[in-house]
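# Chains, contacts and geometry: an overview
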Amino acid sequence: MVADEVESEIHFMKTYSIMKWNELIKLNDDRKSLNQKITLGLATKEELMKQIKVELNMLDTCQLKIDQEMKENDTEYINTEILTILSNRINDMYNSMFLLFPVEKTSLSEYIEFCSNNTLFITKCSNMLDTLMSRYHSDPEVYITAATYEFDDRNDVESARKYFAEGLKYHKNCKNLYVEEFWVEVQHLEKTAGASLPIAIGKYRNLITFFEGDIEFHFILLDRAIKLSAVRELQCNVVRDMVKKYRHSELMWQKLAKIHFDGFIYHQETEQLHYDKNYISGIRNCIKTYENGLKENLPLKNKHKLWNFYIDHIIEIRKSYRMKKETIRNFMNDTMERAFQEAHDNKALLKAEHYIYWAENTNKNCHRILRKAVEVIEDSVELWITLISYYLNYDSLEMGIEAFQAGVRALTSKSMPLWEILILYMGNTHPKLLQQLYHEGSHFPFPEINFVIRPKYLEWSVVHNGILSTRELFIELRDIKPECKQLYTTMISFELTQNSGITKLKTIRKLYNDVCNAFGQTDIGVWSDCIRFEYMYGSHKLVKEIYKASLLCLEPDLRSCMTEEFEKLKEEFMEDEPKDGGVIVIDDDE
């Protein structure tokens, strides 16, 4: 900075109390230090960005102070030279950073925003971009940022085209560069009321040739083309090519149906495109497009995908606000019934949620649809639940049991939700049948099921049949393989709740002995529970013996954890130990 500028800046800062003197001295020292580093090529990008941020904050502060002074003093006569001084410094720092370091999208965007907020620098910004865009940049987004600024903010399509061309020299396969270049041409076509159509069509033709066979890229171009209304000829070309090139793709028929739904109606006979704002026309043409696509000679797998697209779109339409009118509701109801039935007949309805939606919205017999569904998709838990729940909701127990048995055969180890539904229903309505169901579930040859049902059966038994019958039942359930830890812990909890005259110490000890033998190799918890029981109800003398037994039984890598657990238990029960060394005793078996 020249001396006059420094003096002017200091004068402004002091006059309006922007900074204290020592702060201003430090700021200028930092500036000098950074300038020296820049000259020597030692400055880092982080240092430059940090100082730019400081200067931008200073610029904002000074601008606010100037605005405040003008408002409070009702004057326009105030020296604003400080804004030019600060802005020039910021511009120079950006210039240094872009020359010294690779240009990134973020920093370039920030520079463009700075220039856009300072009209004096618009020309400088364009000059800077012109210089920068003539160089290689590893990030193609840099070219997009510069080109977009020139087109959107400067209305300079030629500079935008030049920057895109530069970017594509270095990034020939970058789809985003091509897409954004095409989007600029679409917008320019709108601005020129179609005058630039030859250029836009030419760019488009080059793109679909370069990305021949890339249907997703074609869709992206179509999405950009139909964003604006006054580019109908370009839109028509994009749609016409899409239909011709990808007629045997289910994705094309889905895309065509979607744009018809949005009001862009393409007539394959005339190969013309028009826009119809009547949403009912859009819905009807959408449905017709899917049905036309399904008549095409597509491979079976692809046709099934198109059926799924069609079904999903029907559901989407029926859930939308467009169903307010009765005429369209009736049309979509008829369409739904026809489409779902045809999809089922063609073995193309392959999702459980589709069958459930159909069953919930049909005018026909819901359970017939669900029965069809479980024949097609046997392994869907959700479908079997829906079918069984339907029967039980209508108290059709016989049909419910029949569906339950079929579902259990189909789902095997995944059938627990079906057992839960029937157990809950029978608990409220058929307690005698419930015991039979518990018995079958306990012996069902899949641990995922019988491990859950055996403890539940015990819980039900103790409430309805008493402890004596439950003890007999426990012995029966205990012998079912594999052994179930939860069965033992449930039985122990029942025994602990009995009156002392009934519950016997040896009975519970025997249960703990059995559970420790069965699971004590890998489960510290069973030993911990056993020791806790002796501390609370049994003999403190046995505690150490149980602990020793645990160390012999447990796998070696668990023994240190068992020792830690034992120390915690000793500490826990030390305070509760009676002074006379006595114990609370549960009567032994006689």
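Residues numbered from 1 in each chain as written. Predicted model: local features only at pLDDT ≥ 70, side-chain atom pairs only at ≥ 80, totals over all residues. Heavy atoms only, no water.

## Structural notes on the overall build of the protein
Definition in use: Put simply, DSSP H or I for four residues or longer makes a helix, DSSP E for two residues or longer makes a strand, and each gets a number counted from the N terminus. Each radius of gyration reported is based on C-alpha atoms, and the globular scaling rule is 2.2 Å times the count of residues to the power 0.38. Think of it in three bands: with a 1.4 Å probe and only protein chains considered, a residue is buried below 20% of the maximum accessible area for its type, exposed above 50%, and partly exposed in between. Whether two residues are in contact is decided by their heavy atoms, any of which lying within 4.5 Å being enough. Computed with a 1.4 Å probe, the accessible areas rest on the Shrake-Rupley method; for each residue, only the protein chains presented here act as cover. Positive charge is attributed to Lys and Arg, negative charge to Asp and Glu, and no charge count is given to His or to the chain ends. Working definition for charges: the position is that of NZ of Lys, CZ of Arg, CG of Asp or CD of Glu.
Summing up its helical and strand segments, the protein has 29 helices and two strands in all. Its C-alpha radius of gyration of 40 Å places the protein more than 25% over the 25 Å reference for a compact globule of 590 residues. Among the 590 residues that make up the protein, the fraction classed as buried is 46%. Restricting the contact set of the protein to residue pairs at least 6 apart, pairs at least 24 apart contribute 61%. In the form shown here, the protein has an accessible surface area of approximately 31300 Å², with 51% of it arising from carbon and sulfur atoms. If you average the places of the 74 positive and of the 92 negative side-chain charges in the protein, the two averages end up 5 Å apart.

## Remarks on the pairing of strand E1 (residues 264-267)
The condition is simple: Note on pairing: DSSP must find at least two bridges between two strands before they are called paired.
As defined by bridge partners, E1 adjoins strand E2 (residues 272-275) across four bridges and the pair is classed as antiparallel. Note on E2: the bridge partner recorded for Phe264 is Tyr275. As consecutive antiparallel partners, E1 and E2 are separated by four residues, and within that stretch Glu271 has a phi angle of approximately 60 degrees, a positive value.

## Considerations on the confidence of the model for the protein
Low-pLDDT stretches of the model should not have their predicted coordinates read in fine detail. As a reminder of what qualifies: pLDDT gives the predictor's per-residue confidence on a scale running from 0 to 100.
The predicted model of the protein averages 91 in pLDDT, with 96% of residues at 70 or higher. The least confident element of the protein, judged by mean pLDDT, is helix H1 (residues 3-15) at 81; the most confident is helix H13 (residues 250-261) at 98. Segment residues 577-590 is flagged for pLDDT under 50; beyond a separation of four residues in sequence, or across chains, it makes 24 contacts in the model.

## So, empty space enclosed by the protein
Put simply, the rule reads: Here a cavity denotes grid points, spaced 1 Å and computed from the protein atoms alone, that fit a 1.4 Å probe unable to get out, and a pocket denotes an open set having protein on both sides within 12 Å along at least 5 of 7 lines; residues with an atom within 4 Å of a point are the lining. Grid points are joined across faces, edges and corners, and a volume is the space filled by probe spheres set on the points. Residue polarity is assigned by list, with Asp, Glu, Lys and Arg as charged and Ala, Val, Leu, Ile, Met, Phe, Trp, Tyr, Cys and Pro as nonpolar; anything else, Gly included, falls into the polar class.
Counted under the stated rule, the structure contains one cavity of 30 Å³ or more. Reported here for the largest cavity is a volume of approximately 30 Å³. If you go around the largest cavity, the residues you meet are Ile208, Phe211, Asp214, Phe217, His218, Leu221, Lys245 and Tyr246. Looking at which element gives the most residues to the lining of the largest cavity, the answer is helix H11 (residues 215-225), with three residues. Per-class residue counts for the lining of the largest cavity are five nonpolar, one polar and two charged.

## Thoughts on helix H29 (residues 559-574)
Rules: Take the residue count of a helix, subtract one, and multiply by 1.5 Å to get its expected span. Working note: the arc is built from the helix axis to C-beta atom directions.
Taking 1.5 Å per residue as the helical rise, H29 with its 16 residues ought to reach 22 Å, and the 22 Å between its terminal C-alpha atoms agrees with that figure. Where H29 is concerned, the buried positions are Met562, Phe566, Leu569 and Phe573. Each buried residue of H29 sits inside an arc of 60 degrees when the element is viewed along its axis, so together they form one side. More than 90 degrees from the buried face of H29, the exposed residues found are Glu564, Lys568, Glu571 and Met574.

## Side note on the side chain of Thr362
What counts here: Whenever two N or O atoms come within 3.5 Å, that pair is a polar contact, provided that in protein one can donate a hydrogen and the other can accept it, and provided that, for residues adjacent in sequence, both atoms are side-chain atoms.
Structurally, Thr362 can be placed in the loop between helix H17 (352-361) and helix H18 (366-376). With relative accessibility at 13%, the residue Thr362 sits in the buried group. A polar atom in the side chain of Thr362 sits 2.8 Å from the side chain of Glu337. Leaving out residues up to four positions away in the same chain, Thr362 has contacts with Met336, Glu337 and Ile369.

## A closer look at the packing of helix H10 (residues 197-210) against helix H12 (residues 232-245)
This is how the line gets drawn: For helices, the axis comes from a line fit to the C-alpha atoms of the stretch in contact; other axes are also lines fit to C-alpha atoms, and the angle between any two N-to-C directions lies between 0 and 180 degrees. Note on terminology: angles under 35 degrees are roughly parallel, angles over 145 are roughly antiparallel, angles of 65 to 115 are roughly perpendicular, and the others are oblique. In this scheme the handedness of a crossing depends on how the near helix is turned from the far one: anticlockwise by less than a right angle means left-handed, clockwise means right-handed.
Running from amino to carboxyl end, H10 crosses H12 at an angle of 20 degrees, the nearest separation of the two axes being 10 Å. As judged from the angle between their axes, H10 and H12 are roughly parallel. At the point where H10 passes H12, the crossing takes the right-handed sense. On H12, the residues touching Leu197, Ala200, Ile201, Tyr204, Arg205 and Ile208 of H10 are Glu233, Leu234, Asn237, Val238, Asp241 and Lys245. A breakdown of the residues in the contact of H10 with H12 according to their chemical character gives seven nonpolar, one polar and four charged.

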